[in-house]
Structure formats: structure tokens, C-alpha cells
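A closer look at the structure
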Amino acid sequence: ILRAVPVGCGHYLPERVVSNAEFEATLDTTDEWIRARTGIERRHFAADDQKTSDLAIEAARAALNDAGLQGSDIDAIVLATATPDQTFPSTATRVQHAIGAGGFAFDMQAVCAGFIYALANADAMIKAGQAKRIMVIGAETFSRILDWTDRGTCVLFGDGAGAVILEAREGDGTSADAGILSTDLHSDGKYNHLLYVDGGVSSTGTIGVLRMQGPEVFKHAVGKLSAAGNTAMEKAGVSPDDVSYVVPHQANLRIISAVANKMSLPIDRIVVTVQDHGNTSAASIPMAMSVARADGRIKSGDLILMEAIGGGLAWGAALMRW
Ligand code: ACO
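Nothing here was measured: the structure is a model prediction, and the numbers come from that model.

Observations regarding unusual backbone geometry
Across the junction of Phe-88 and Pro-89, the peptide omega takes the value 0°, indicating a cis bond. Looking at where Pro-89 falls in the secondary structure, it is placed in the loop between β4 (76-80) and α4 (91-99). Residue Leu-313 follows Gly-312 across a cis peptide bond; omega there is -15°. Backbone geometry at Ser-264 places phi at a positive 60°, although glycine is not the residue there. Mapped onto the secondary structure, Ser-264 falls in the loop between α7 (253-262) and α8 (274-277).

Rendered as C-alpha cells:
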């Protein structure tokens, strides 16, 4: 059986770091509130002239470097973003050109669950023989779609990009194989109104800004994420004890802890970057993965559970062995 095996990852964060305290000047908020309610301490914002593709290209180069590969070794790019450079062409094709990749490239949009959707898609394309080496990228500039007068949303998000390279390799079909072992995807459009951008090409003709009923999203998050995580483990025939690390979407430390608790996974096996990155939507999982690989936590052979939920609502989980 063909497996989509990770061979490298990397990430990029824009230079500008914004502390919680910076919001105190313009909003009725405090560093204490933001830390206590979300776990966020700081986030990075892209410079005015930095586009999503610029962040993605840096992350792509870091991943190629980690894998010891050239751009020309990549034959597909799947880029998850809700904040593309332009309506079209896809941001992925910009990355393709910049790194000199061949094959084909396209964007996927499932907001914060985008990276999980993109991984599932790349896994299916590798198994179908459509591509041999796929770069899966999550890249976002959420700073461009925030309402800076809404303290309930603008303090939560950040910009960044992360990338993972997957390679087709033969496996035995057991849970000991390296590669993506299972994925579990869901969405439910009846919850569109809980988290959305109030503009778009065919509705208002404007870009719009992010609107969220935070506590309502929170209520859905813990149950849906732990269920998807459990399903991904069941599909692969593994238990929580087998999981080396959980790399969750980084939206809120309270959600991350509650999900870990519900799945009987101790907090020291959860990779947490939300304090430094904020919520970077589709970029959060590959960035957290890259951080934990670079600091030596995630090693070859480790079993990684990923889970994410966001606008749609769209959610899912993926299980992958390095
Ligand atoms: N500073 C100070 N006070 C604030 C702030 C702020 N930045 N934001 C909200 N408050 C106030 C509220 O107005 C409210 O005041 P009130 O009681 O006078 O009405 C009070 O704090 C409590 O607000 P809640 O919204 O109930 O606070 P909660 O504990 O739920 O935290 C949060 C809000 C952080 C948004 C939380 O609900 C959350 O994280 N939700 C999930 C977000 C998420 O996971 N989104 C999905 C991914 S994002 C994507 O897909 C793009």
C-alpha cells in the first residue's frame, strides 16, 4: 500500500511581533484578559507589502531545506488558505513558480481546518498515483480581514505559514508504517453564521472582515474535535497511549486543554504554540509541527495526531507517523 510519508517541514513567521499590551492603547482590553481567556501572549503580523504567497514561499523553502530537496523535486503543491493573494490565480501557483516546482498546484479553503483537508487530499492523490512528492502548505494573513474595533476577534489572530513535504513510499498497511495513517473530515453548513467573513466576490464585491460568535464556536469545538480525533485513532487501530504528540489547531489554550483531557492525552504530549503565534488558521498546525520538529520533540517514528475546527463549521483530524 502506498503511504504519504513526511520527509521534511518548515515554517515562516513575519518579523513584526505584536504583544497583547499593544491592543490596550486602542481597545477596551487587557493583556491579562487575553492571556487568561485564550493563552495568547503575542502574534506576528505581516508587513504591508508581504502577501500570503511571500510567507508561503519562505515556509516552502524551509521545508525543502529540512528535507534536503530542491523545488524541482516537488510534483504537486496543495496550499490551504482563506486569505489568498488574489481571487485568482491560486496562491499555490505563485509558490510553484518561486520554488521551481513542476507538476500542478492549487489552493484549498476550509479555513482553520484547511491544513487537515489539504493533508487528506494529498494523501488521496498519493494513493491514487497522481503525484509522488507533494508539498502541503498552510499560509494566512488574517491581519488583512480583522475588524480592529472588535475586541472579541482582532486580538485572537496572527499571520504565518507552515509546510510539510509528503513522499509516496510503500508501506505494509499496518499502524507501524510511516506516513498518513488515517484522516477524518467533517463540515456542517448550518453553522455558517457562527464564523464568517462579511464580504466576498459574488456577494458584496468587497473583502469584508471576520465575524465570530466566539462562545458558540467554543461550544462546538471540544466535542467535535475529540470525536474526530478518536475516529482517526480508531480508523488506524491505535489508542491514545500510542500517540507521541498531538499537534492541534492553535485557536485557544482552553480548547486545546479540554480536547486533550477528553481524549485522555496528557498536556505534556500536546504541542502548544498559541502563546507565540495566536490563531493563524490553516497555518497553525504545520507551524506548530515545524516548531516541535526543530526543537527535537518530534522524532522519526513518532505518531502525531492533528485536529482542527473553524468556519463552516469545518473540522477534522489526521494521524501521521514521521
Ligand atoms: N478583552 C476584554 N474583554 C473581552 C474581550 C477582550 N479582548 N473580548 C471579549 N470580551 C468580553 C466580552 O465582551 C464579554 O463581556 P460581557 O460579559 O460584558 O458581555 C466577556 O469578555 C466574556 O466574553 P466571552 O466571549 O463570553 O468570553 P469567552 O471566554 O468565550 O472567550 C473567545 C472568547 C476567546 C473568543 C472564546 O470564545 C473562543 O476562543 N472561542 C473559540 C474561537 C475559535 O476556536 N474559533 C475557531 C477557529 S477560528 C477560524 O476558523 C477562523
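Quick notes on the sheet that holds strand β11 (residues 245-248)
With respect to topology, 4 strands assemble into an open sheet ordered β8-β13-β12-β11, the strand pairing being mixed. The open sheet has two edge strands, β8 (179-187) and β11, and neither has a second partner. Averaged over all adjacent pairs, the angle separating strand axes in this sheet is 15°, with direction ignored. Strand direction decides the pairing type here: β11 and strand β12 (residues 303-310), joined by 4 bridges, are parallel. In the strand pairing of β12, Val-247 is matched with Met-306. Taken strand by strand, helix α5 (residues 114-127) contacts β8, β12 and β13 (314-321), and its axis lies near 125° from that of β8.

Comments concerning the environment of Asp-241
If you trace the backbone, Asp-241 turns up in the loop between α6 (214-236) and β11. For the pair Asp-241 and Pro-266, spaced 25 residues apart in the sequence, the C-alpha separation amounts to 9.8 Å.

What to know about the domain arrangement of the chain
As assigned here, the chain comprises domain 1 (2-170) and domain 2 (179-321). The straight-line distance from the C-alpha centre of domain 1 to that of domain 2 is 14 Å. On the domain 2 side, the residues contacting the 48 residues of domain 1 number 45 residues. Where the side of domain 1 that touches domain 2 is concerned, the elements lending two or more residues are β1 (2-12), β3 (42-45), α5, β6 (133-141) and β7 (159-170). Each residue belonging to the side of domain 1 that touches domain 2 can be placed in one class, and the counts come to 25 nonpolar, 14 polar and 9 charged.

Some thoughts on the sheet that holds β4
If you trace the 5 strands from one edge of the open sheet to the other, you get β1-β7-β6-β4-β5, paired in mixed fashion. The open sheet has two edge strands, β1 and β5 (104-108), and neither has a second partner. Direction aside, the axes of adjacent strands within the sheet are offset by 20° on average. In this structure, β4 lies alongside β5, joined through 5 bridges in parallel fashion. Paired with Val-78 across the strands is Phe-106, a residue of β5. Strands in contact with helix α3 (residues 52-67) are β1, β4, β6 and β7; relative to β1, the strand with the most contacts, it is inclined by about 120°.

Focus: the UniProt feature "domain: Beta-ketoacyl-[acyl-carrier-protein] synthase III C-terminal" (unreviewed entry) in the chain
Under the feature "domain: Beta-ketoacyl-[acyl-carrier-protein] synthase III C-terminal" (unreviewed entry), the UniProt entry names residues 233-322. Structurally, residues 233-322 comprises 32% helix and 22% strand, and the distance from its first C-alpha atom to its last is 16 Å.

About the criteria used
- Residues numbered from 1 in each chain as written.
- Predicted model: local features only at pLDDT ≥ 70, side-chain atom pairs only at ≥ 80, totals over all residues.
- Helix = DSSP H or I, 4+ residues; strand = E, 2+ residues; numbered from the N terminus.
- Pairing = 2+ DSSP bridges.
- Axes fitted to C-alpha atoms, helices over the stretch in contact; angles between N-to-C directions.
- Contact = placed C-beta atoms within 7 Å.
- Domains from an automatic or database assignment.
- Nonpolar A, V, L, I, M, F, W, Y, C, P; charged D, E, K, R; others polar.
- UniProt positions renumbered as here; feature names shortened; annotations may be inferred.

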